Amino acid sequence: MTHQEQLQALMVRIDALEQRERQLTYASNAYQAILTTLLGILDKPTRDRVISMVDQAHDVAYTKANLEQKGNILGADDITQRIFLFAQGRASQPK
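Everything numeric here is computed off the predicted structure, so don't read it as measured data.

K.L.:
Before we go on, may I ask you to explain the overall build of the chain in this structure?
P.N.:
Within the chain one finds 3 helices and 0 strands. Its helices and strands in sequence order give the chain the pattern α-α-α, from N to C terminus. For the chain, whose C-alpha radius of gyration is 19 Å, the value lies well above the compact-globule estimate of 12 Å for 95 residues. With the C-alpha coordinates of the chain rotated into their principal frame, the extents come out at 65 × 30 × 20 Å. Taken over 95 residues, the chain has a buried fraction of 12%. Residue pairs in contact within the chain that sit at least 24 positions apart in sequence constitute 54% of those at least 6 positions apart. As displayed, the chain has an accessible area near 7600 Å², and 60% of this comes from carbon and sulfur atoms.

K.L.:
Would you explain the nonpolar core in this entry?
P.N.:
The nonpolar side chains of a soluble globular protein tend to be buried, and buried together. Membership of the largest hydrophobic core is limited to 5 residues, which are Leu39, Ile51, Ile83, Phe84 and Ala87. At 3 residues, the largest contribution of residues to this core is made by helix H3 (residues 67–87). Look past the residues within four positions of Ala87 in its chain and what remains in contact with it is Thr36, Leu39, Gly40 and Arg47.

K.L.:
Please clarify how the packing of helix H2 (residues 44–64) against H3 should be interpreted in this entry.
P.N.:
When two helices pack together, their arrangement is captured by the angle between the axes and the distance separating the axes. Relative to each other, H2 and H3 sit at 170°, their axes nearing to 11 Å. Of the possible angle classes, the one that applies to H2 and H3 is roughly antiparallel. Residues Arg47, Ile51, Val54, Asp55, His58, Ala61 and Tyr62 of H2 form the contact with H3, whose own contacting residues are Lys70, Ile73, Leu74, Asp77, Thr80, Gln81, Phe84 and Ala87.

K.L.:
Help me out: how do you make sense of the packing of helix H1 (residues 3–41) against H3 in this one?
P.N.:
H3 packs onto H1 with a crossing angle of 40° between their chain directions and a minimal axis gap of 9 Å. With respect to H3, the axis of H1 lies oblique. H3 is crossed by H1, and the crossing has right-handed handedness. In contact with Gln32, Leu35, Thr36, Leu39 and Gly40 of H1, H3 contributes Ile79, Ile83, Phe84, Phe86 and Ala87. Of the residues assigned to the contact of H1 with H3, the class counts are 7 nonpolar, 3 polar and no charged.

The rules behind these values
Counting from 1, residues in each chain are numbered in the order their sequence is written. With pLDDT at 70 or above as the cut-off, local features in this predicted model cover only qualifying residues; side-chain atom pairs require 80 or more to be listed or tallied, and sums for whole chains, interfaces and linings still use all residues. To obtain the side-chain values, all non-hydrogen atoms of the structure were used and water was disregarded. Helix and strand definitions follow DSSP, with helices as H or I runs of at least four residues and strands as E runs of at least two, each counted in order from the N terminus. In this setup the radius of gyration rests on C-alpha atoms only. A globule is expected at 2.2 Å times the number of residues raised to 0.38. With a 1.4 Å probe rolled over the protein chains alone, any residue whose accessible area is under 20% of its type maximum counts as buried; one over 50% counts as exposed, and the rest are partly exposed. The contact criterion used throughout is that any non-hydrogen atoms of two residues lie within 4.5 Å. For the area figures, the Shrake-Rupley method with a 1.4 Å probe applies, and any residue is considered shielded solely by the protein chains shown. Side-chain atoms within 4.5 Å are what join buried Ala, Val, Leu, Ile, Met, Phe, Trp, Tyr and Cys residues into a set we call a nonpolar core. Axis lines are fitted to C-alpha atoms, over the contacting stretch for helices. Their N-to-C directions set the angle, which ranges from 0 to 180 degrees. Throughout this description, any angle smaller than 35 degrees is read as roughly parallel, any larger than 145 degrees as roughly antiparallel, any in the 65 to 115 degree range as roughly perpendicular, and the remainder as oblique. Take the far helix as your reference; a near helix turned counterclockwise from it by less than a right angle gives a left-handed crossing, and one turned clockwise gives a right-handed crossing. For this classification, Asp, Glu, Lys and Arg are treated as charged, while Ala, Val, Leu, Ile, Met, Phe, Trp, Tyr, Cys and Pro are nonpolar and the rest, including Gly, are polar.

Written out as C-alpha cells, the structure reads:
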C-alpha cells in the first residue's frame with residue numbers, strides 16, 4: 001500500500017469516526033432534553049425520589065464496576081448531575 005493509499009484509508013476512517021461522534025452527540029443531547037423535560041414536569045417529591053434512586057443505582061454500579069467501567073460511570077455521572085440540577089431549577093448554581 002502506498003503512502004497515498006494509506007493516507008486515503010486513514011482519512012476515510014477519520015471521517016467515519018467524526019460522523020459517529022456527531023451521532024453520539026446528537027443522541028446524548030436528545031436524551032438529556034428528554035430526561036430534563038420528564039424530571040421537570042414531575043412534582044418535587046417524585047422528582048427527588050427518582051433522582052435519589054438514580055444516585056443509589058450509580059453507587060451500586062460503581063461499587064461493582066471494573067476500572068474501565070468506573071471511568072465510564074464517572075463520565076456519565078457528570079452529565080447526569082447537570083440534568084438533575086437543571087430539572088431542579090438550579091442550572092446556574094455551582095455544584
